[in-house]
Amino acid sequence: MSVKECGGHHEARRKFFRRVIASILVFILIVLITIFLIWAILRPSKPSFTLLDTTVYAFNASAPSLLTSNFQITIRSRNPNDLIGIYYDRLDVYAEYRDEEITLRCRLPPTYQGYNEVNIWSPFIYGTMVPVAPEYSLSLDAEQAAGSVFLMIKIGGRLRWRVGAFITGRYHIHVSCPAYITFRGQSDGVLVGENAVKLQFVQRCHVSLW
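A quick note: this is a predicted structure, and the numbers were derived from the prediction, not measured.

Cut-offs used in this document
Residues numbered from 1 in each chain as written. Predicted model: local features only at pLDDT ≥ 70, side-chain atom pairs only at ≥ 80, totals over all residues. Heavy atoms only, no water. Phe/Tyr/Trp six-rings, centres within 6.5 Å; stacked < 30°, edge-to-face > 60°. Helix = DSSP H or I, 4+ residues; strand = E, 2+ residues; numbered from the N terminus. Buried < 20%, exposed > 50% of the residue type's maximum accessible area, 1.4 Å probe, protein only. Expected span 1.5 Å × (residues − 1). Contact = heavy atoms within 4.5 Å. Disulfide = S-S within 2.5 Å. Pairing = 2+ DSSP bridges.

Trainee: Mind showing me how you'd approach the packing of aromatic side chains here?
Mentor: In this description, an aromatic ring pair is defined by two values, namely the gap between the centres and the angle between the planes. Counted by the stated rule, this structure contains eight aromatic pairs. Between F59 and F71, the aromatic rings sit 6.1 Å apart at their centres with planes inclined by 50 degrees, giving tilted as the arrangement. In this pair, F59 sits in strand 1 (residues 48–60) while F71 sits in strand 2 (residues 66–78), placing the two residues 12 residues apart along the sequence. Taken individually, F59 and F71 each receive the classification buried, so the pair is uniform in this respect. With 4.8 Å between their ring centres and 50 degrees between their planes, F150 and Y180 make a pair best called tilted. Of this pair, F150 sits in strand 9 (residues 148–163) while Y180 sits in strand 11 (residues 171–182), and the two are 30 residues apart along the sequence.

Put into structure tokens, the structure is as follows:
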């Protein structure tokens, strides 16, 4: 074989590999464009969350700047999309009083939510002798003495969207559910056992994604 023939052979191989690589890149580009078009057409809507009820087992702010609480909450989540599923990879539930966390975070089990599917969770959230800022402690004592405390039930975590076989990257989700906890004569809740009170809310929550 001459040097010229050998060089032509190598050139043919290079052209073949270039064609293969170009074909792969074109295929990937077509797939990405198709996914983008499907995503743009479907326009996924964020899930909705509703706080259904809260059962108060303990709420004691008698110690100076310390709070002990124990709740069981019921939260409903709905996927409003017809053709898009949702993977909840992580959801942490906790309670806040005036932007201060007053309970430990309870992690919900990872789950997949299908089209127009509804999930209901009933986790316990609690905190024992949790420090509260002095200025907030005074208002907390006053509100509890008046018979009503305003809390915010929070849910934070990450989710992914599923469109057919395509699964997106992770998105942050943040949910805020207002909850009025009432005591003594101010409460219209249902007595559960000897000390617990179940309060019905059906309170729509604010949901943000980024």
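Trainee: Sorry, what's going on with helix 2 (residues 134–146) here?
Mentor: One turn of the α-helix equals 3.6 residues, which is why residues spaced by three or four share an orientation. The end-to-end C-alpha separation of helix 2 is 19 Å, in line with the 18 Å expected for 13 residues at 1.5 Å each. By the burial criterion, the buried members of helix 2 are S137, S139, L140 and E143. Lining the buried residues of helix 2 we find strand 1, strand 2, strand 3 (85–97) and strand 9. Residue G147 follows helix 2 closely and has a positive phi angle near 100 degrees.

Trainee: Got a minute to help me understand the state of the cysteines in this structure?
Mentor: Throughout the structure, instances matching the rule amount to one disulfide. Residue pairing for C177: its cysteine sulfur links by disulfide to C205, the two sulfurs lying 2.0 Å apart. Looking down the S-S bond of the C177 and C205 bridge, the torsion is 110 degrees, so its handedness is right-handed. On the criterion of sequence distance, the pair formed by C177 in strand 11 and C205 in the loop between strand 13 (196–204) and strand 14 (206–209) is long-range, its members being 28 residues apart. For C177, a relative accessible area of 0% corresponds to the buried category. The exposure class assigned to C205 is buried, which follows from its relative accessible area of 8%.

Trainee: Would you explain unusual backbone geometry in this entry?
Mentor: Peptide bonds are, in most cases, trans, and in most cases residues other than glycine have a negative phi. Although it is not a glycine, R98 adopts a positive phi angle of roughly 50 degrees. When its relative accessible area of 41% is taken as the criterion, R98 is described as partly exposed. The backbone of M129 shows a phi angle near 50 degrees, a positive value even though the residue is not glycine. Topologically, M129 is positioned in strand 8 (residues 124–131). Here M129 falls in the partly exposed class, since its relative accessible area comes to 44%.

Trainee: Looking at this structure, how should I read the pairing of strand 2?
Mentor: On a regular strand, each side chain points to the face opposite its neighbour's, so the side chains alternate between the two faces of the sheet. With 11 bridges connecting them, strand 1 and strand 2 associate as antiparallel partners. For F49, the partnering residue across the bridge sits in strand 2 and is S77. Pairing of strand 2 with strand 8 involves six bridges; the strand directions are antiparallel. Directly across from L67, in strand 8, lies its bridge partner V130. Relative to strand 7 (residues 118–121), strand 2 is paired through four bridges, and the arrangement is antiparallel. What sits directly across from R78, in strand 7, is V118.

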